[in-house]
Amino acid sequence: MTEEVAVLGAGMHPWGKWGRSFVEYGVAAAQAALADAGLDWRDIGSIIGADTVRGGYPGYVAGATFAKALGWQGARVTSVYAACASGAQAVDTARAQILSGLADAALVVGADAAPKGFFRPAGGDRPDDPDWLRFRILGATNPVYFGLYARRRMALHGDTTDDFAQVKVKNAAMGALNPKARYRSPVTAEEVSASAVVADPLRLLDICATSDGGAALVLSSMEFARRHGHAEPVRIRAVSTVTPRYPNTVLDLPDIATDSAVAVDPPGETFRRSIARAAYEEAGVGPEDLSLAEVYDLSTALELQWYEDLGLCGEGEGVKLLRDGATALGGRIPVNVSGGLASFGEAVPAQAIAQVCELAWQLRGDAGDRQVAGARVGISANQGLFGHGSAVIAVR
């Protein structure tokens, strides 16, 4: 089991469509995290920025961009890009620097000013880029894949569009309790069913939006935490950033083909399940130990898939878990008590960091009306394009 690092502070800029620079959102989140930790920016020995690649050149070097905006003070700097897993890789980089003794305290920041509508690849011709190819050859936006995943669950497990709608109902109810969420109104299943079809069988309210927002964490060694008055902080016990195994026989975003398994047997688990397993093994816990989970609900159907990938239930049993109320606030294993991407939308470099912020607040007992009673262990999970795994386990 890897040594733990302390979570001293968590901060966020509210999600929305604000029309300003991602730097502004990241700085606001960073300042909130520093205040939460009771530290000054000059106490930080390293800053790790999760990159956004749509904001011009500064977006590619987000660590230095945030450091400059906060005020040059000589801290070590790193910039990380791993698509939707960027935030988790930034957390992992901070953890590695702390455990190696390169820094006592680190600031992790991610922020985005997302475009209107669905994400598309950066400009230019890149015929060796699968993300570019799937748009140019198939016209396959992200919701096309979400619809395929949903159809697969319907065919294999008997999930229905009504089940998908109930995921949105659950997350909207919890997002209504979160002051940092973009969408803060309860939603009915009838409203989901009445929204426009985007990628059959999914409707507009089944799919998350694109958003502006920022999130930040202050991490430190346990000794630094004690010196600064944090006797029993939330701790990060595991970060999983694994890659898939060959052959990959299930279609996955953004690929438009799968590997042949004629000569090589498929691995014993899917990529997403391997992300969770690696985190559990490193942390020395299992799904039965979890108090809550924050998962990557790009669509309602994908949240159900994560229930199974995290081992919260058996294969094909995600809908039963939902119908039984187990994943709602007050249930056996609440999922996305923050409101999830259903309530926030995607601000890509900030998402995995925001998930850990929610875990920290829940484990500290600071989540207000959405508090999970007695929360002791939480997991966050998402997946970045091109085989970037992402899961974090935090404990109290």
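- The name given to the protein in an unreviewed UniProt entry is Lipid-transfer protein, with the source organism recorded as Streptomyces purpurascens.

Side note on the state of the cysteines
Move 1: A full pass over the atoms with the stated rule returns 0 disulfides.
Move 2: Counting only cysteine sulfurs, C84 is the nearest neighbor of C208, a cysteine outside any disulfide, at a range of 8.4 Å.

What to know about the pairing of strand β4 (residues 105-113)
Move 1: Buried residues dominate β4, accounting for 8 of its 9 residues.
Move 2: Looking at chain direction, strand β2 (residues 46-50) and β4 are connected through 5 bridges and run parallel. By the bridge assignment, S46 is partnered in β4 with A106.

Re the packing of aromatic side chains
Move 1: Throughout the structure, instances matching the rule amount to 2 aromatic pairs.
Move 2: Both rings, one in W15 and one in F344, keep their centres 5.2 Å apart while their planes meet at 80°; by these two values the pair is edge-to-face. Of this pair, W15 sits in strand β1 (residues 5-16) while F344 sits in helix α12 (residues 340-344), placing them 329 residues apart in sequence.
Move 3: On the basis of relative accessible area, W15 is assigned to the buried category, the value being 2%.
Move 4: Here F344 falls in the buried class, since its relative accessible area comes to 6%.
Move 5: A centroid spacing of 5.9 Å and a plane angle of 80° characterise the contact between F22 and F66, whose relative ring orientation is edge-to-face. Residue F22 is located in helix α1 (residues 22-37), and its partner F66 is located in helix α2 (residues 62-70); the two are separated by 44 residues in the primary sequence.

What about the packing of helix α9 (residues 271-283) against helix α10 (residues 300-309)?
Move 1: Relative to each other, α9 and α10 sit at 50°, their axes nearing to 9 Å. Of the possible angle classes, the one that applies to α9 and α10 is oblique. Our pair here, α9 against α10, has a crossing hand that is right-handed. Residues R272, R273, I275 and A276 of α9 form the contact with α10, whose participating residues are L302, Q305, W306, E308 and D309.
Move 2: A class-by-class count of the residues in the contact of α9 with α10 yields 4 nonpolar, 1 polar and 4 charged.

Topic: the side chain of S299
Move 1: Relative to the helices and strands, S299 is located in the loop between β9 (292-295) and α10.
Move 2: Setting aside residues no more than four positions away along its own chain, S299 makes contact with F146, L202, D206 and I207.

Thoughts on empty space enclosed by the protein
Picture a little ball the size of a water molecule; that probe, rolled over the atoms, points out where space is still empty.
Move 1: Counting across every chain of the model gives 2 cavities of 30 Å³ or more.
Move 2: Put simply, the largest cavity is a space of about 160 Å³.
Move 3: For the largest cavity, the lining is made up of 17 residues, of which E294, S338, F344, A354 and Q355 are closest to its centre.
Move 4: Elements represented by at least two residues in the lining of the largest cavity include exactly β1, β9, α12 and α13 (348-364).
Move 5: The dominant element in the lining of the largest cavity, judged by the number of residues it contributes, is α13, at 5 residues.
Move 6: Space inside the second largest cavity adds up to approximately 60 Å³.
Move 7: Together, F118, F119, N142, P143, F146, I207, C208, T210 and E346 line the second largest cavity.

Quick look at unusual backbone geometry
Move 1: For the bond from Y246 to P247, the omega torsion is -10°, close enough to zero to count as cis.
Move 2: Within the element layout of this structure, P247 appears in the loop between β8 (234-240) and α9.
Move 3: The residue after L253, namely P254, is reached through a cis peptide bond having omega 5°.
Move 4: Relative to the helices and strands, P254 is located in the loop between β8 and α9.
Move 5: Positive phi is not limited to glycine here, since A83 has a value of about 55°.
Move 6: Here A83 is to be found in the loop between β3 (76-80) and α3 (86-99).
Move 7: With relative accessibility at 4%, the residue A83 sits in the buried group.

Observations concerning α1
Move 1: Between the first and last C-alpha of α1 there are 23 Å, a value that for 16 residues agrees with the 22 Å anticipated at 1.5 Å per step.
Move 2: What α1 keeps buried is the set F22, V23, Y25, G26, V27, A29, A30, A33, L34 and A37.
Move 3: In this fold, the buried residues of α1 make contact with β1, α2, β4 and β7 (212-220).
Move 4: Where α1 begins, one side-chain oxygen reaches toward the backbone nitrogen of V23, 3.0 Å away; that side chain belongs to S21.
Move 5: Trailing α1 by a residue or two, G38 shows a phi angle of about 70°, which is positive.

Section: the sheet that holds β8
Move 1: Taking strand neighbours across the sheet as the criterion, the 9 strands line up as β3-β2-β4-β7-β1-β8-β11-β10-β9 in an open arrangement whose pairing is mixed. The open sheet has two free edges, formed respectively by β3 and β9, since each of these has just one partner strand. Here the strands of the sheet are splayed against their neighbours by 25° on average, with no regard to which way each runs.
Move 2: Looking at chain direction, β2 and β3 are connected through 5 bridges and run parallel. When the bridges of β3 are listed, A50 appears paired with V80.

Reading guide: rules and limits
- Residues numbered from 1 in each chain as written.
- Predicted model: local features only at pLDDT ≥ 70, side-chain atom pairs only at ≥ 80, totals over all residues.
- Heavy atoms only, no water.
- Disulfide = S-S within 2.5 Å.
- Buried < 20%, exposed > 50% of the residue type's maximum accessible area, 1.4 Å probe, protein only.
- Helix = DSSP H or I, 4+ residues; strand = E, 2+ residues; numbered from the N terminus.
- Pairing = 2+ DSSP bridges.
- Phe/Tyr/Trp six-rings, centres within 6.5 Å; stacked < 30°, edge-to-face > 60°.
- Axes fitted to C-alpha atoms, helices over the stretch in contact; angles between N-to-C directions.
- Parallel < 35°, antiparallel > 145°, perpendicular 65-115°, else oblique.
- Left-handed = near helix turned anticlockwise from the far one by under 90°.
- Contact = heavy atoms within 4.5 Å.
- Nonpolar A, V, L, I, M, F, W, Y, C, P; charged D, E, K, R; others polar.
- 1 Å grid on protein atoms, 1.4 Å probe; cavity = no way out; pocket = protein on both sides within 12 Å on 5 of 7 lines; lining within 4 Å.
- Points joined across faces, edges and corners; volume = space filled by probe spheres on them.
- Expected span 1.5 Å × (residues − 1).
- Polar contact = N/O pair within 3.5 Å; in protein donor to acceptor, adjacent residues only side chain to side chain.

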